[in-house]
Amino acid sequence: MKLLFGRPAGLTEIKQRYCPGCGHGIVHRIIGELLVEMNIREKAIGIAPVGCSVFADEYFNCDMIQVPHGRAPAVATGIKRTRPDCVVFTYQGDGDLAAIGTAETIHAAARNENITIIFINNAIYGMTGGQLAPTTLPGMRSTTSVKGRDVVKQGYPIKVCELLNALDGPFYLERVAVDTPKNIIKTKKAIKTAFQYQLENKGFSLIEVLSMCPTGWGVTPIQAKKWIAEVMAKYYPLGEFRNRAKEVK
Amino acid sequence: MAEKTLMYGNHALVEGAIYAGCRFFAGYPITPQNEIPEYMSIRMNEVGGVFLQTESELAAINMLFGAAAAGARAMTSSSSPGISLMQEGLSYIAGADIPVLVVNVVRGGPGLGNIAPAQSDYFQSVKSGGHGDYHTIVLAPNSAQEMFEFPRLAFELAEKYRNPALILADGLLGQMMEPVEIKGEPIDPKSLPEQDWWLTGCKGRERRVVRSYDLRPGKLEEWNWRRWKKYQEILNNEQRWEEIKIDDAEVIVVAYGTSARVAEAGVRMAREKGIKAGLLRPITLWPFPAKIISELSKKVEDFLVVEMSLGQMIEDVRLAVEGKARIHFIGHPGGGLPTGPEIYNKIIEIRSKK
């Protein structure tokens, strides 16, 4: 019988532990497929974060390292400078990347470090139980903002692509989402482009992925997808923020 | 006699590291160790290595984590407040069993303190400064010559046991000039055989994972007991020290690094007066040379511990002596240096009260 659909060889056989409706599984699959399709699995080194996706070191079928909270871009720098021929990617959540790891993120981008960052933005802290994230929307409820984020007391969310776009360094910045099949295809295209630029030694890419966290948001998976389209993507507009390959020479 | 070159301690350390095959340096400026990154930025360029001035010490130690996991002989250097920032990364590196070299050119603390030479980071270095049960191998040079030689020893020990190693120097050792003999053959890092834990991309082999965690019940405990065995091996095999006139000594001064240099003068002055004083200089602070001190405490009545701290190493001396001898102390916390006459006078005082 002909196999029409199966687990890509870029993922291990280990069952993923993510909640129903979570976006991590989709993004994992995209990366797993690209590792094979782009023939980079055997030279990839992935960096697993702190948070729900800490187990990414079990799921991606390539060399992996698990690192301290927020420090993935620094570890990636050390690996890439030591093994320039490897494809080095980090997989990070919003707390990891935009709170504790803000400095590492900004400076890796400013150096135009030749690495790929996959940034999962679900506007909440998932693993620790749904606390306020640097990306939690104004008015959005979390376990540490039970009446909704009060921007007077808790400040405004951080728009990472816009923030990094203020720097000269980064080569490619794009925000995508995994709420619909169409957006999932766009996400895959963006991550593929980022890996391709790394192979061409172009430098720093960050793909911000708006992703569902039904458990953290306290909604059903269907409601979560709708919320991305109707609310989240309004605050965090999708699209390409920077692509130096397209700049006029 | 071999040719010697006059070198700053900090420069000797850089040459020693490069001689030992170090080709990755990441660090952030802080006094009194700035000569290390400055000189490193020039030398790494010459030898085709990587030099990165980082945004913080947090970034530096984590770059080391990545570089060493990918197979580089990687080092960073900093001074006390910067080393505090590195403790998070060091704990992960120790938890992942990755060898790296961290050089601490200690200054007076706590807090911002001052930039004068001090030994007040002893506890942080030998008791594990970060979270969790772990140890780092700690070497204490006392000359520019040892600043040159210890990076090699540190890398060898670190790789033998897959454990981070520290060199604990201070501003005086870093800034003074001394003749240095370039010894041994330089190591070509390309000649180092690939290890079965290096991350290189999984071409032609199973994938490898470097991690410091195990959430399964009981598994982390197993892992930590295995690491404990490694620490026992290091404790048994790697205690290093230097002895000066201790065979017939009635008072033994215990001091390391800069304090030991000064203590040697105090011991010499005592000997000139016919007082049987000796010096035991720990070279490894962890593993602490407890075995020799324990042996000596069976026949020596008085130990004098000299530190540029409030009394940190004295705890390890006390543990080794186990109540079998009296222990005295001279401490200079906050960037002050002991003097030879001060140590001599203390030896006289100890012997006169006998």
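Residues numbered from 1 in each chain as written. Chains lettered and ligands numbered in written order. Predicted model: local features only at pLDDT ≥ 70, side-chain atom pairs only at ≥ 80, totals over all residues. Heavy atoms only, no water.

## Observations concerning the pairing of strand E5 (residues 101-108) of chain B
All names here are of chain B. Of all eight residues making up E5, eight are buried, and the element is well covered by its neighbours. Taken together, strand E4 (residues 74-78), helix H4 (residues 80-95) and E5 constitute a β-α-β crossover, and its handedness is right-handed. Here six bridges tie E5 to strand E8 (residues 165-170), and the two strands are oriented parallel to one another. Pairing of Asn104 across the sheet is with Leu168, part of E8. Two elements, E5 and strand E6 (residues 114-117), share two bridges in a ladder whose sense is antiparallel. Paired with Arg107 across the strands is Pro117, a residue of E6. (Buried < 20%, exposed > 50% of the residue type's maximum accessible area, 1.4 Å probe, protein only. Helix = DSSP H or I, 4+ residues; strand = E, 2+ residues; numbered from the N terminus. Right-handed = clockwise from strand over helix to strand, strands pointing away. Pairing = 2+ DSSP bridges.)

## Structural notes on the packing of helix H1 (residues 9-19) of chain B against helix H2 (residues 35-47) of chain B
All names here are of chain B. Two elements in contact, H1 and H2, have axes separated by 9 Å at closest approach and are oriented at 35°. You can see that H1 and H2 cross each other, and the crossing is right-handed. Across the interface between the two elements, Asn10, His11, Leu13, Val14, Glu15, Ala17 and Ile18 from H1 touch Glu35, Ile36, Tyr39, Met40, Arg43, Met44 and Val47 from H2. Class assignment of the residues belonging to the contact of H1 with H2 gives a composition of nine nonpolar, two polar and three charged. (Axes fitted to C-alpha atoms, helices over the stretch in contact; angles between N-to-C directions. Left-handed = near helix turned anticlockwise from the far one by under 90°. Contact = heavy atoms within 4.5 Å. Nonpolar A, V, L, I, M, F, W, Y, C, P; charged D, E, K, R; others polar.)

## Things to note about helix H12 (residues 340-352) of chain B
Residue and element names in this part refer to chain B. The end-to-end C-alpha distance of H12, which contains 13 residues, comes to 18 Å, matching closely the 18 Å that a straight helix rising 1.5 Å per residue would cover. Buried within H12 we find Gly340, Ile343, Tyr344, Lys346, Ile347, Ile350 and Arg351. Buried residues along H12 cover an arc of 160° about the axis, so they all sit on one side. Looking at the buried positions of H12, the neighbouring elements they touch are strand E12 (251-254), helix H9 (257-272), strand E13 (277-282), strand E15 (302-307) and strand E16 (326-331). (Expected span 1.5 Å × (residues − 1). Arc of directions from axis to C-beta.)

## Concerning the environment of Leu85(B)
Note that Leu85(B) resides in helix H4. Put simply, Leu85(B) and Pro341(B) are 256 residues apart on the chain and 37 Å apart in space, counted from C-alpha to C-alpha.

## Some thoughts on the sheet that holds E12(B)
Residues and elements named next belong to chain B. The strand order across the open sheet formed by five strands is E11-E13-E12-E15-E16, and the pairing between neighbours is mixed. Every interior strand has two partners, whereas the edge strands, strand E11 (241-244) and E16, have only one. When the angles between neighbouring strand axes are averaged without regard to direction, this sheet yields 20°. Sheet analysis places E12 next to E13, joined by four bridges and oriented parallel. Bridging from a neighbouring strand, Val251 pairs with Ala277 of E13. Taken strand by strand, helix H11 (residues 313-321) contacts E12, E13, E15 and E16, and its axis lies near 160° from that of E15. Strands in contact with H12 are E12, E13, E15 and E16; relative to E15, the strand with the most contacts, it is inclined by about 155°.

## Observations regarding the pattern of salt bridges
Residues and elements named next belong to chain B. Tallied over the full model, the rule gives 38 salt bridges over all chains. A salt bridge links Arg326 to Glu301, with the nearest nitrogen and oxygen atoms 3.6 Å apart. Here the residue Arg326 occupies a position in strand E16, and Glu301 occupies one in the loop between helix H10 (290-296) and E15, the gap between them amounting to 25 residues. Judged by relative accessible area, which is 43%, Arg326 ranks as partly exposed. Note on Glu301: relative accessible area 39%, which makes it partly exposed. (Salt bridge = Lys/Arg side-chain N within 4 Å of Asp/Glu carboxyl O.)

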